[in-house]
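What follows is each chain in one-letter form.
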There are 2 protein chains.
Amino acid sequence: MSEQTIAELGEFGLIDLVRGRLGTSDYVLVGPGDDAAHIATADGTYVTATDILVEGRHFRRDWSTAADIGRKAVAANLSDINAMGGVATALLVAFAAPGDLPVSWVADLVGGMVEECDKVGAKIVGGDMSSAEQVILSITALGDAERPVTRAGAKAGDQVAYAGTLGLASAGYGALSRGFRSPKAAVDEHRTPHPPYAAGPAAAAAGATSMIDISDGLLADLGHVARASKVAIDLDPAAFTILDAVQTVAGALGGVDPLRFVLTGGDDYALAATFAAGTTLPDGWTKIGTVRAGEGVTVAGAPYEGGTGHKHWT
Amino acid sequence: MSEQTIAELGEFGLIDLVRGRLGTSDYVLVGPGDDAAHIATADGTYVTATDILVEGRHFRRDWSTAADIGRKAVAANLSDINAMGGVATALLVAFAAPGDLPVSWVADLVGGMVEECDKVGAKIVGGDMSSAEQVILSITALGDAERPVTRAGAKAGDQVAYAGTLGLASAGYGALSRGFRSPKAAVDEHRTPHPPYAAGPAAAAAGATSMIDISDGLLADLGHVARASKVAIDLDPAAFTILDAVQTVAGALGGVDPLRFVLTGGDDYALAATFAAGTTLPDGWTKIGTVRAGEGVTVAGAPYEGGTGHKHWT
């Protein structure tokens, strides 16, 4: 009799299984299942999140420089703090790699990490190292959030909005996958995303009712918001600006719908948030839809055909 | 021309290279180079540390159950908080594994992790998952420390003391390496260490001048204290209790000095600390030596011949 494997169960099934076994305490203000946890100390609070990046899965050494990989790894983590409306102050970095990795590669990686940290003023405050068969980067970001915004507060009638870029990184991935090295804007964004670090705290200050960062794809991530908030979300496809580079890649791939990159591409680390109707959106935020009663995420009232995002093991 | 590899540079060289590139800020009260970082928030402080465990390097699935691996991974992290004199409240867990890993293995892993967390009341508050070629566990522990104790405060004349067990886990490793499954006490301690979680906060409350957890081996770790504090440490070999199981393994391995396991074995996650002369040591602490002016760690006044601990890539 063969046992069920984690590939058969899938990532979300495995997450559910794990979460079902975790308890909580008075220190846990927001626990598993959001972009970051919100934890109490004896005298205050902080937000924290962790990400693991695996060579061959999240990055390739022949596609990206070490500095790019460092910037992207840190960006992914800082984005989680951003998505809570927080500002990161500290990072811990666990690193594992084969012994034949050049020292210069690690130096460049750290250079890229520090450069990305500098965008928000965060510092690397500790870490750990080991040998491993693949390069592994596991980063924990820590920061302050005056009013942490979770995935769970969206209400029917709220506006849905995003900040940052959508679809560019996944268009870049699409181009690289097929051996292209252009368009440069897309390929560069895949290598080094540019999360809108000012937009998270601005949304929190403006009273955002829910927020998430787009790492699995807009539809998949808004699906997390819809489930956590027990609402439906409908998007207006005409509200999106489709960047030229995304159009170019869609054309080069044989007439793929460019909106597909916008709706299902991850890795830009944009933000999506909901705001009460009538709220003036902060700088950098664009309205793309409306929260309704119900469940699920639709585009112009209908389910979007074409996949909803990236999964591990499946 | 071939580039220098990280194996050639070695773990400590690589750590120095990385640290030289990191800056600091007002939020960083204790930064890289101690058991845990001590970070300020808008309204308080916390301590935090990360550890990465790699299959084949830190654990073997044919030597340890998933529950044992979970307990040990968490213990290693909680030990870092313990070594600051803190109490852990929250953990983040990043996990990567091959897709053919049984779901039941992950369930047992999480069960072991939760069990170890329960010893101090900490909760798993978040994490991340990915696929990878090896099982990788990267854990970040977070906690409160009323008076964080670093490695840097030992002064000439201080007493050196330890709490917990020494040598048992590495004797267990020695036995397993040669195909033995006994003595049970040693093999069990290698599989699941028992850090003295009450001893860290007790030492901090008693005024410990420096503290570290023993993960690389007592001599290697006291070497870190000596360097950070700019002092010398001399140990009294007669002060140690050599456990029966350690004696047994030393004999079975053909007359190895059992003190070698005590002085150079890691993985018990005992604590070593220094206390001003005249301080009454808290429960569980045993005096094993004296801090002197100078540098380096000696045993009965002489360098110990026989290696000082574990290194990666070398």
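This one's a predicted model, so the numbers in the text were calculated from it and none came from an experiment.

Description of the interface of chain A and chain B
No. 1: Listed by partner, the interface residues are 74 residues for chain A and 74 residues for chain B.
No. 2: Contact between chain A and chain B buries roughly 6,100 Å² in total, counting both sides, with carbon and sulfur atoms accounting for 66%.
No. 3: If you look at where chain A meets chain B, you find zero salt bridges.
No. 4: Where chain A meets chain B, there are 21 residue pairs in polar contact (both at pLDDT 80 or more).

Some points on the pairing of strand β7 (residues 159-163) of chain A
All names here are of chain A.
No. 1: β7 sits mainly inside the fold: five of its five residues count as buried.
No. 2: Going residue by residue along β7, you find Q159, A161 and A163 tucked away on one face and V160 and Y162 tucked away on the opposite face as well.
No. 3: Pairing between β7 and strand β10 (residues 271-275): five bridges, direction antiparallel. The residue bridging V160 from the neighbouring strand is T274, located in β10.
No. 4: The sheet contact formed by β7 and strand β11 (residues 285-292) spans five bridges and is antiparallel. When the bridges of β11 are listed, A161 appears paired with K287.

Looking at the pattern of salt bridges
Residues and elements named next belong to chain B.
No. 1: Taken as a whole and judged by the stated rule, the model has 22 salt bridges over all chains.
No. 2: The closest approach of N and O atoms between R61 and E55, which form a salt bridge, is 2.8 Å.
No. 3: For E55, a relative accessible area of 17% puts it in the buried group.
No. 4: Taking the shortest distance from any N to any O, the salt bridge between D118 and K123 comes out at 4.0 Å.
No. 5: Taking relative accessible area as the criterion, D118 reaches 47% and is therefore assigned partly exposed.

Brief notes about the packing of aromatic side chains
No. 1: Under the criterion given, the structure shown has seven aromatic pairs over all chains.
No. 2: On the basis of an interplanar angle of 75° and a centroid distance of 5.5 Å, the ring pair of B:F275 and B:W285 is categorised as edge-to-face. With B:F275 in strand β10 (residues 271-275) and B:W285 in strand β11 (residues 285-292), this residue pair connects regions lying 10 residues apart in the sequence.
No. 3: Its relative accessible area of 0% is what places B:F275 among the buried residues.
No. 4: Above the face of the A:W105 ring, A:R61 is positioned so that its terminal group lies 5.9 Å from the ring centre.

Considering the sheet that holds strand β7 (residues 159-163) of chain B
Residue and element names in this part refer to chain B.
No. 1: Within the open sheet, the six strands sit side by side as β8-β10-β7-β11-β9-β12. Their pairing is mixed. Both edges of this open sheet fall to β8 (210-213) and β12 (296-299), since each of them pairs with a single strand only. Across the sheet, the axes of successive neighbouring strands diverge by a mean angle of 25°, strand direction being ignored.
No. 2: As paired strands, strand β9 (residues 232-235) and β11 are joined by four bridges and run antiparallel to one another. Considered in β11, the bridge of I233 is made with V291.

Details of the relation of the copies chain A and chain B
No. 1: For the pair chain A and chain B, the relating rotation is 180°, the translation along its axis is 0.0 Å, and the fit reaches an RMSD of 0.0 Å. The superposition of one copy onto the other is thereby described by a two-fold rotation axis. Considering only C-alpha atoms, the part of chain A nearest the rotation axis is A:G44, at 2.4 Å.
No. 2: Of all interface residues in chain A, 100% are interface residues in chain B too; the two copies therefore contact each other through one and the same surface.

Brief notes about unusual backbone geometry
All names here are of chain A.
No. 1: For the bond from S182 to P183, the omega torsion is 0°, close enough to zero to count as cis.
No. 2: Within the secondary structure, P183 sits in the loop between α5 (168-177) and α6 (184-191).
No. 3: With phi around 75°, D267 is a residue other than glycine that occupies positive phi space.

Digging into the UniProt feature "binding site: Mg(2+) 2" (unreviewed entry) in chain A
No. 1: This chain's UniProt record puts "binding site: Mg(2+) 2" (unreviewed entry) on A:D51 and A:D80. Separation in sequence by 30 residues is not matched in space for these annotated residues, since their most distant C-alpha atoms are only 9.1 Å apart.
No. 2: Assignment of secondary structure puts A:D51 in strand β3 (residues 45-54).
No. 3: Among all residues touching A:D51, those that are not within four sequence positions of it are A:A76, A:N77, A:D80, A:L137, A:S138, A:I139 and B:D128.
No. 4: Structurally, A:D80 can be placed in helix α3 (residues 66-82).
No. 5: In contact with A:D80, other than residues within four places in its own chain, are A:D35, A:A36, A:A49, A:D51 and A:D213.

Some points on the domain arrangement of chain A
Residues and elements named next belong to chain A.
No. 1: Under the domain assignment, chain A is made up of domain 1 (6-144) and domain 2 (159-299).
No. 2: On a C-alpha basis, the centroid separation for the pair domain 1 and domain 2 is 21 Å.
No. 3: Taken over both partners, the interface formed by domain 1 and domain 2 buries close to 1,800 Å², and the fraction arising from carbon and sulfur atoms is 55%.
No. 4: Contact with domain 2 buries area across many residues of domain 1, yet W63, K72 and N82 alone supply 39% of it, more than any other trio.
No. 5: The tally of links from domain 1 across to domain 2 stands at one salt bridge.
No. 6: For the pair domain 1 and domain 2, the interface holds nine residue pairs in polar contact (both at pLDDT 80 or more).
No. 7: Per element, the largest residue contribution to the side of domain 1 that touches domain 2 is nine residues, and it comes from α3.

Considerations on helix α2 (residues 11-19) of chain B
No. 1: Looking at α2(B), one finds that the buried residues are B:E11, B:L14, B:I15 and B:V18. Burial along α2(B) is one-sided: seen end-on, the buried residues are contained in an arc of 100°.
No. 2: Each element contacted by the buried residues of α2(B) is listed here: α4 (103-118) and β5 (123-131) of chain A together with α1 (6-9) of chain B.

Rules and cut-offs
Going along each chain's sequence as written, the residues are numbered from 1 onward. Written order decides the labels, with chains lettered from A and ligands numbered from 1. This being a predicted model, a pLDDT of at least 70 is required before a residue's local features are given, and a value of 80 or more before pairs of side-chain atoms are given or counted; all residues contribute to the totals for chains, interfaces and linings. As a convention, hydrogens and water are excluded, and side-chain values are obtained from all of the structure's heavy atoms. In this description, contact between two residues means that some pair of their heavy atoms is separated by no more than 4.5 Å. Buried area: the sum, over both parts, of the accessible surface (1.4 Å probe) that disappears when the two are put together. Counted as salt bridges are all cases of a side-chain nitrogen of Lys or Arg within 4 Å of a carboxyl oxygen of Asp or Glu. Polar contact criterion, stated in full: a pair of N or O atoms within 3.5 Å, where within protein one must be able to donate a hydrogen and the other to accept it, and residues adjacent in sequence count only if both atoms are side-chain atoms. The classification of residues rests on relative accessible area computed with a 1.4 Å probe and restricted to protein chains. Under 20% of the type maximum is buried, over 50% is exposed, and intermediate values are partly exposed. Only DSSP runs of H or I with at least four residues qualify as helices, and only runs of E with at least two residues qualify as strands; both kinds are numbered from the N terminus onward. A pair of strands is considered paired only if DSSP assigns at least 2 bridges between the two. Within 6.5 Å between ring centres, the rings of Phe, Tyr and Trp (the latter by its six-membered ring) count as paired, and their orientation is classed by plane angle as stacked under 30 degrees, edge-to-face over 60, tilted in between. We count a charge as sitting over a ring when the NZ of a lysine or the CZ of an arginine lies within 6 Å of the ring centre and within 35 degrees of the ring normal. Lines fitted to C-alpha atoms define the axes, with helix axes restricted to the stretch in contact, and inter-axis angles between N-to-C directions lie between 0 and 180 degrees. Copies are brought into register by a least-squares superposition over C-alpha atoms of residues with pLDDT of at least 70 in both. UniProt positions are given in the numbering used here, feature names are shortened, and annotations may be inferred rather than shown by experiment. Residue ranges for the domains originate in an automatic or database domain assignment. It is the directions from the helix axis to the C-beta atoms whose arc is reported.

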